[in-house]
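Close look at the chain arrangement
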Amino acid sequence: MSYHYRLVGGSLAINNPHKKQDIGTYQCLATNSFGTIQSRTAKLQFTYLENFETKPRSTVSVREGQGVVLLCGLPPYYGSSSCTWIFNNNTLYVQEDSCRFVSQETGNLYLAKAESSDVGNYTCVLTNSRADQSVQGSPTPLTLHSNAAAPDFSKNPVKKKSVVQVGGEVTIGCKPSFSRAVISWRKGPQILHQNKRVILLDGSLRLYNITKPDAGVYTCIATSQFGVARNSGNLIVKERTVITIPPSNMDITVGESFVLPCQVSHDPSVDVVFIWSFNGSRIDFNRGIHHFERIGKESVWDLMIRKIQLYHSGKYVCTVQTTLDSQSTTVYIIVRGPPGPPEDIKVEDISSTTTVLSWKSGIDNNSPVTYSVQTRTPFSVGWQVVSTVPEVISGRTHKATVVELSPWVEYEFCVAASNSVGTGEPSRPSALLKTKAAVPAVAPTTISGGGGSHSELVITWEPVPEELQNGEGFGYIVMFRHLGSATWTKAVVASVEASKYVYRNESIKPLSPFEVKVGVYNNEGEGTLSSISIVYSGEDEPQIAPVGVCTVSAAEVEISWQPIAWNRHTGRVLGYEVLYWTDDPKESTAGKVRVRGNVTAKNITGLKANTVYFATVRAYNTAGTGPSNTLVNVTTKKSPPSQPLANIAWKLTNSKICLNWEHVKTMENESEVLGYKILYRQNRHSKTHILETNNTSAELLVPFEEDYLIEIRTVSDGGDGSSSEEIRIPKISKTH
């Protein structure tokens, strides 16, 4: 191996490499006693860049407006390279588009449309970035030639009609076939000169800030040495489209209905198209979308939203489109509603009267919220709001202490959120938890008593409800003493349901006053005692019998008596008891009625006629009944006559009604007729008048402005008999 090549640890080192000598493919061979192995091939290549050919290049001639390709003729090279061009000694910056570009593969320059400004010398430059070297070829001259014809608009006329809106801008192009012609413009007969609003650019006419007077016919004039050509176009100016009544941002309560206005002014010759969109999606009114309704026509296209829902919050855009422009306006609608239910209710640190509650907020529905805590127990009617600390729970607070709970009661908790719109659905209930036991704090109420037997003290109270018993082992403590005594007697009533305690002692005198109070206890200890009430001991029965008398009719007996003057020795009287019965072995009848207070008579009704009854009266009080008075027997009267009157005749004479009827004969078991009752009235709603007589005739002096209704009944010891049929006496006119 020569000095040019040497091995360095198995690697091949080449000193002063030469392109022609060292370029090629290399492989490494490794050999030992077991054999020989050959590596993959390695290729050695040299980066280089040779010079362009030095011979001059021919002139390229092209017709104005036609395309041309300028050839680069790249020299031999290897490595990353790029091609550029020099135009008239200045680097040509080519923006690759449909008009011109440089091919990096061939280096050729493409001009799609040659113009007079393109005439000059073009030089191709090749740059090798690896070799950090550039070379350039010989210049290529580019010239234009023409057919020496006058300007012509036949192939590219001026636009016949241009439409623009007030305040807008427009460009009217002028491109005759002879590009080197001198261009000028007229509006009607007036020559146009360039100013702030009128710009002449490459032959085209550009007008800014258009006004109505700018409308008219514009003529482009192309002048060359070969002739003059004219071509005209009409400029039409229309009013701008303006949204005159746009919608505005709104806060709406869920369920309300409202209108978003969208009204425009526009050129009457231009058709407008309205488009409403919601959160980026077009509203298709032809589909009959619920809640959305279009209102108006022509220049008015309002959006009615009926009974808006929470999901209608968002961005609303009214877009107005014409063939000339498009206008839009955007508003944001916030729909506020009652908040959603709080979530993840947790109960911690429960004691006998308090617990700590935590939760996570629900959806506020676009309005700040406050929270309230509700509880439910086996003793409550539905959910009840409870007191908390803090008392007012803001929307930023998600933890509160519930206070004033009852000990030893099972509770469920929920949290409800409220905002300016209303109160939302409460959260799901918490797990059922029981508060810890405590000494009972509520004493029994309605402490009273009295009554009972001789030598008894009866004490009663309203039982304490289960939810206020505060723990297991609940019972009552009864304490009492004689009024004026200093020593209390104490008794324990172990029954939860007890509401009465009876103390018996022969030494207790009737109607003795006692001071009484009742307390409560449970396994946690003794609780509160009630306030002191006065209760009297039992009393003796009345000791005196009343004195009575009787009055009788066919179906009832009135029993009366003299009141008893009583004192502590003769027994208190609360009222009287009347007992009555028959002594008929076939059909015995018995009854008992009571009257309270100082009543000294009682009507006993519903009795049988012509029957012997026995009756007695006795006083009573809480201890029982006293002795009865002397037994009274009385026979009820026979029944009143059952036959109604017959053959009743009447006539009118000198403002008198004369009545006649037959005498009523009674049956053996009926009372005899003692007389008759005539009942008469002017109409069914007026007062009834009664006339009694022992005869079978009567005269009534009455006015005759109205009809009269008359009935006649029999009168007997057993009472009134049956009535006759109702007689109608018609009214008569007065005669003169």
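The structure under discussion appears in the preceding block.
Calculation notes
- Residues numbered from 1 in each chain as written.
- Predicted model: local features only at pLDDT ≥ 70, side-chain atom pairs only at ≥ 80, totals over all residues.
- Heavy atoms only, no water.
- Helix = DSSP H or I, 4+ residues; strand = E, 2+ residues; numbered from the N terminus.
- Rg over C-alpha atoms; globule rule 2.2 N^0.38 Å.
- Buried < 20%, exposed > 50% of the residue type's maximum accessible area, 1.4 Å probe, protein only.
- Contact = heavy atoms within 4.5 Å.
- Areas by Shrake-Rupley, 256 points an atom, 1.4 Å probe, with all protein chains shown as cover.
- Pairing = 2+ DSSP bridges.
- Axes fitted to C-alpha atoms, helices over the stretch in contact; angles between N-to-C directions.
- Patch = residues over 30% accessible without salt bridge, like charges linked within 9 Å, V, L, I, M, F, W, Y side chains within 5 Å.
- Salt bridge = Lys/Arg side-chain N within 4 Å of Asp/Glu carboxyl O.
- Polar contact = N/O pair within 3.5 Å; in protein donor to acceptor, adjacent residues only side chain to side chain.
- 1 Å grid on protein atoms, 1.4 Å probe; cavity = no way out; pocket = protein on both sides within 12 Å on 5 of 7 lines; lining within 4 Å.
- Points joined across faces, edges and corners; volume = space filled by probe spheres on them.
- Nonpolar A, V, L, I, M, F, W, Y, C, P; charged D, E, K, R; others polar.
- Core = buried A, V, L, I, M, F, W, Y, C linked by side-chain atoms within 4.5 Å.
- Phe/Tyr/Trp six-rings, centres within 6.5 Å; stacked < 30°, edge-to-face > 60°.
- Lys NZ or Arg CZ within 6 Å of the ring centre and 35° of its normal.

Each helix and strand in the protein chain was counted, giving 1 helix and 68 strands. Relative to the compact-globule value of 27 Å for 736 residues, the protein chain shows a C-alpha radius of gyration of 63 Å, a clear excess of over 25%. With respect to the three principal axes, the spread of C-alpha positions in the protein chain is 170 × 115 × 55 Å. Relative to its 736 residues, the protein chain shows a buried fraction of 36%. At a minimum sequence separation of 6, the contacts of the protein chain that also span at least 24 residues come to 62%. Carbon and sulfur atoms make up 49% of the accessible area of the protein chain, which totals about 42,600 Å².

Turning our attention to the pairing of strand β25 (residues 227–238). Note on strand geometry: in a regular strand, side chains alternate between the two faces of the sheet. Pairing geometry for strand β18 (residues 161–165) and β25, over 5 bridges, is parallel. Within β25, the position partnered with V164 by the bridge is V237. In the sheet, strand β24 (residues 216–224) pairs with β25 via 9 bridges, with the strands oriented antiparallel. Residue pairing in the sheet places A222 in a bridge with A229 of β25. Hairpin connection from β24 to β25: 2 residues lie between these consecutive antiparallel strands.

This paragraph deals with the sheet that holds strand β23 (residues 204–207). Reading across from one edge, β19-β23-β22 is the order of the 3 strands in this open sheet, with antiparallel pairing throughout. Two strands lie at the open edges of the sheet, namely β19 (170–172) and β22 (198–201), each paired on one side alone. Across the sheet, the mean angle from the axis of one strand to that of its neighbour is 20°, orientation sign disregarded. Of the pairings in the sheet, the one linking β22 to β23 comprises 4 bridges and is antiparallel in character. Among the inter-strand pairings, V198 is bridged to a residue of β23, identified as L207.

Among the surface-exposed residues, L483, I532, I534 and Y536 lie close enough to one another that they form a single nonpolar patch of about 390 Å² accessible area. Its location among the elements puts I534 in strand β52 (residues 533–536). Overall, the relative accessible area of 45% leaves I534 in the partly exposed class.

Bringing the side chain of N108 into the picture now. For N108, the position within the fold is in the loop between β13 (100–102) and β14 (109–111). Among the polar contacts listed, one links the side chain of N108 to the backbone nitrogen of C72, at a separation of 3.0 Å. A polar contact is formed between the side chain of N108 and the side chain of T106, at a distance of 3.2 Å. Setting aside residues up to four positions removed in sequence, N108 forms contacts with V69, L70, L71, C72, W85, F101, V102 and S103.

Turning to the layout of surface pockets, a few remarks are in order. Empty space within the second largest pocket amounts to approximately 220 Å³. Taken together, 13 residues make up the lining of the second largest pocket; nearest its centre are L7, G10, L12, Q27 and C28. Considering only residue class, the lining of the second largest pocket consists of 7 nonpolar, 5 polar and 1 charged.

Our focus in this paragraph is the pattern of salt bridges. Evaluated as defined, the whole model comprises 18 salt bridges. Here D118 makes a salt bridge to R100, at a shortest N to O gap of 3.1 Å. Of this pair, D118 sits in the loop between β14 and β15 (120–128) while R100 sits in strand β13, and the two are 18 residues apart along the sequence. Since its relative accessible area comes to 6%, D118 is described here as buried. Look at R100 and you get partly exposed, because its relative accessible area is 24%. As a salt-bridge pair, R481 and E515 come within 2.7 Å of each other at their nearest N and O atoms. You can see R481 sitting in strand β47 (residues 475–482) and its partner E515 sitting in strand β50 (residues 513–522), a full 34 residues away along the chain. You can call E515 buried: its relative accessible area is 14%.

The subject of this paragraph is the environment of E670. Here E670 shows up in the loop between β62 (656–660) and β63 (673–681). The sequence separation of E670 and V335 amounts to 335 residues, and the corresponding C-alpha distance is 89 Å. In terms of polar contacts, E670 uses its side chain to reach the side chain of S642, at 2.5 Å.

Here we take up the sheet that holds strand β34 (residues 314–321). Ordered by their spatial adjacency, 5 strands build an open sheet running β27-β35-β34-β30-β31, and the pairing between neighbours is mixed. In this open sheet, the two edge strands, each paired with only one partner strand, are β27 (250–253) and β31 (281–282). Where β27 meets strand β35 (residues 326–336), 4 bridges bridge the pair, whose relative direction is parallel. Note that in β35 the partner of M250 across the bridge is I333.

Let us now look at the nonpolar core. Counting 22 residues, the largest nonpolar core has L260, W276 and Y316 as its most contacted members. Those elements that place two or more of their residues in this core are β28 (258–260), β30 (273–278), β33 (302–305), β34 and β35. Not counting the four nearest positions on each side in its chain, Y316 is found in contact with L260, W276, S277, F278, F292, L303, I305, T329, T330, V331 and I333.

Attention shifts here to the packing of aromatic side chains. Tallied over the full model, the rule gives 17 aromatic pairs. Summarising the aromatic geometry, the rings of F292 and Y316 are spaced 6.3 Å apart at their centres and angled 90° between planes, so their arrangement reads as edge-to-face. Within this pair, whereas F292 is found in strand β32 (residues 292–295), its partner Y316 is found in strand β34, the two being separated by 24 residues in sequence. The same class applies to F292 as to Y316, namely buried. An aromatic cluster of at least three residues, connected via ring pairs, comprises F480, Y501, Y503 and F514. Seen from the ring of W408, K434 lies directly overhead, with NZ or CZ sitting 4.2 Å from the centre. In this structure, R594 packs its charged tip against the face of Y620, placed 3.9 Å from the ring centre.

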